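Commentary on secondary and tertiary structure
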Amino acid sequence: MFHAAHGYERAPAPEVKEPETTTTTRAATALAPATSGLKSALRTAPKATGRDAYFDNAKYLAIVLVAVAHAWEPVMEGSRAARALYMVIYTFHMPAFILVSGYFSRSYQGKPHQLRRLLTGIALPYVVFEVAYSLFARYGNDDPSHPISLLDPYYLTWFLAALFIWRLTTPLWRIVRWPLPIALVIGALATLTPNIGADLNLARVLQFLPFFVLGLCLKPEHFQMLRRRQVRLLAVPFFAATLVFAYWVAPRMNLGWFYRSSSVQDLGWPWWSGLVVIVAFFGCAVLLSAAFLALVPGRRAWFTVLGTGTISGYLLHGFVVKAGDYWGLFESQKWLGSPVGLVVVTICATGMVTLLCSPPVRRALKCVTEPEMKWAFRQDAAEAGPRR
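Definitions and cut-offs
- Residues numbered from 1 in each chain as written.
- Predicted model: local features only at pLDDT ≥ 70, side-chain atom pairs only at ≥ 80, totals over all residues.
- Heavy atoms only, no water.
- Helix = DSSP H or I, 4+ residues; strand = E, 2+ residues; numbered from the N terminus.
- Buried < 20%, exposed > 50% of the residue type's maximum accessible area, 1.4 Å probe, protein only.
- pLDDT = per-residue confidence, 0-100.
- Contact = heavy atoms within 4.5 Å.
- Phe/Tyr/Trp six-rings, centres within 6.5 Å; stacked < 30°, edge-to-face > 60°.
- Arc of directions from axis to C-beta.
- Salt bridge = Lys/Arg side-chain N within 4 Å of Asp/Glu carboxyl O.

1. Considering the environment of Leu124
With respect to the secondary-structure elements, Leu124 resides in helix H4 (residues 112–140). Exposure remark for Leu124: the relative accessible area of 24% places this residue in the partly exposed category. Sequence separation between Leu124 and Thr369 is 245 residues; the distance between their C-alpha atoms is 7.4 Å.

2. As for the confidence of the model for the chain
Here the chain shows a mean pLDDT of 84. Residues at 70 or above account for 84%. Mean pLDDT across the elements of the chain ranges from a minimum in helix H1 (residues 23–44), with 39, to a maximum in helix H5 (residues 158–168), with 96. Contacts of residues 1–49 to residues separated by more than four positions or lying in other chains number four contacts, the stretch itself having pLDDT below 50.

3. Concerning the packing of aromatic side chains
In this structure the tally under the stated criterion is 33 aromatic pairs. The interplanar angle of 20° and the centroid separation of 5.3 Å between the aromatic rings of Trp158 and Phe208 together place this pair among those described as stacked. Taken together, the residues Trp158 in helix H5 and Phe208 in helix H8 (residues 202–217) connect sequence positions 50 residues apart. By relative accessible area, Phe208 is classed as buried at 3%. Taking 6.1 Å as the distance between ring centres and 20° as the angle between the ring planes, the aromatic pair formed by Trp257 and Phe281 counts as stacked. With Trp257 in helix H11 (residues 256–259) and Phe281 in helix H12 (residues 273–295), this residue pair connects regions lying 24 residues apart in the sequence.

4. Concerning helix H16 (residues 359–369)
Taken as a whole, H16 has its buried residues at Val361, Leu365, Val368 and Thr369. The buried residues of H16 occupy one face: seen down the axis, they fall within an arc of 65°. Opposite the buried face of H16, by more than 90 degrees, sit the exposed residues Arg363, Ala364 and Cys367. On its buried face, H16 sits against H4, helix H13 (310–326) and helix H15 (339–356).

5. Section: the pattern of salt bridges
Applying the stated criterion to the full structure yields four salt bridges. For Arg51, the salt bridge is made with Asp56, and the minimal N-O distance between the two is 2.6 Å. When the shortest N-O distance is used, the salt bridge between Glu372 and Lys374 registers 3.5 Å. Overall, Lys374 belongs to the exposed group, its relative accessible area being 64%. Through salt bridges with shared partners, a single ionic network connects Arg51, Asp56 and Lys59.

6. A closer look at unusual backbone geometry
One non-glycine residue with positive phi stands out, namely Arg260, at about 55°. Relative to the elements of secondary structure, Arg260 occurs in the loop between H11 and H12. Since its relative accessible area comes to 4%, Arg260 is described here as buried. Here the phi dihedral of Met373 falls at roughly 50°; this positive angle occurs in a residue that is not glycine. Within the secondary structure layout, Met373 lies in the loop between H16 and helix H17 (381–384). We classify Met373 as partly exposed; its relative accessible area is 22%.

This is the structure in structure tokens:
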């Protein structure tokens, strides 16, 4: 509980027998209704929680789409509609998540407490889960030769490595004159470099970089604009038109474009198409992300609290999906690829990631996702304050 500082406490009024009718008294009398109205408004105003429900809602819904898309991968083959829906989701679900991550990285300046948070909240979970996923691949998939390498992110751990790099470069993007065009050029060049190497999944890090930089450039009023009623109404037909287009191109589209981990040469396209493709995919991803964010509810809902635990849902749901793959569940249950099966997979994936984002799971995982680790860091003199 917070208590008001003594400087803001009201001093006791002096005791008087008969107030005189003075100019000051008349002014105070005239202001009384306004003061009373202000007090009433303050009493009825909602208390600030320090978090915006809109962004927690957005993070939860985005992580649900991530989990559903990962669960569809082993079972959607043969369904044109599922492939089309998968393509649409993959076009924007990670870009939207990265964009929001960039938006909340705007205040990063490399200060000691921020660097500590970067190490404990991103680097440490990356190390722990990179090793955990590699060991799971060794023993769960009966692959003893599977390497354990912190330089070669496995499965979904690439995002933590990318976020670490992006956030470290944030001060740079804050001082250059044209951050977004520069990031787009870097992303385009990454698509033209087939030998960029697998270290830290650098191709994907650079190709997704423009979305993080776009988030750094956004301001609160941009999100307010997306939440207007007119924009929300336009988002629904836009998604419908996108799904129709995706259904048309689904049989001819290489899914490698959506993963952003390969060069255009690796995908069988001429090198000069890299710039066109990266700009086109960036535009589509931004528009779909905007439509998605426009449809996110702004009020508190039953799932709002789950938005605070998306790191747990993201890092843990991969074990469940990989377990189903390693142990032959998806291969043995062919019916999961049917329309009914895809609905079942969607419901199960949604329920699974919802459970993994819940407060009890978040608290249990806090030792590796949100540890303070004060013992590992020296206290910065500037943060300690002047000695008295």
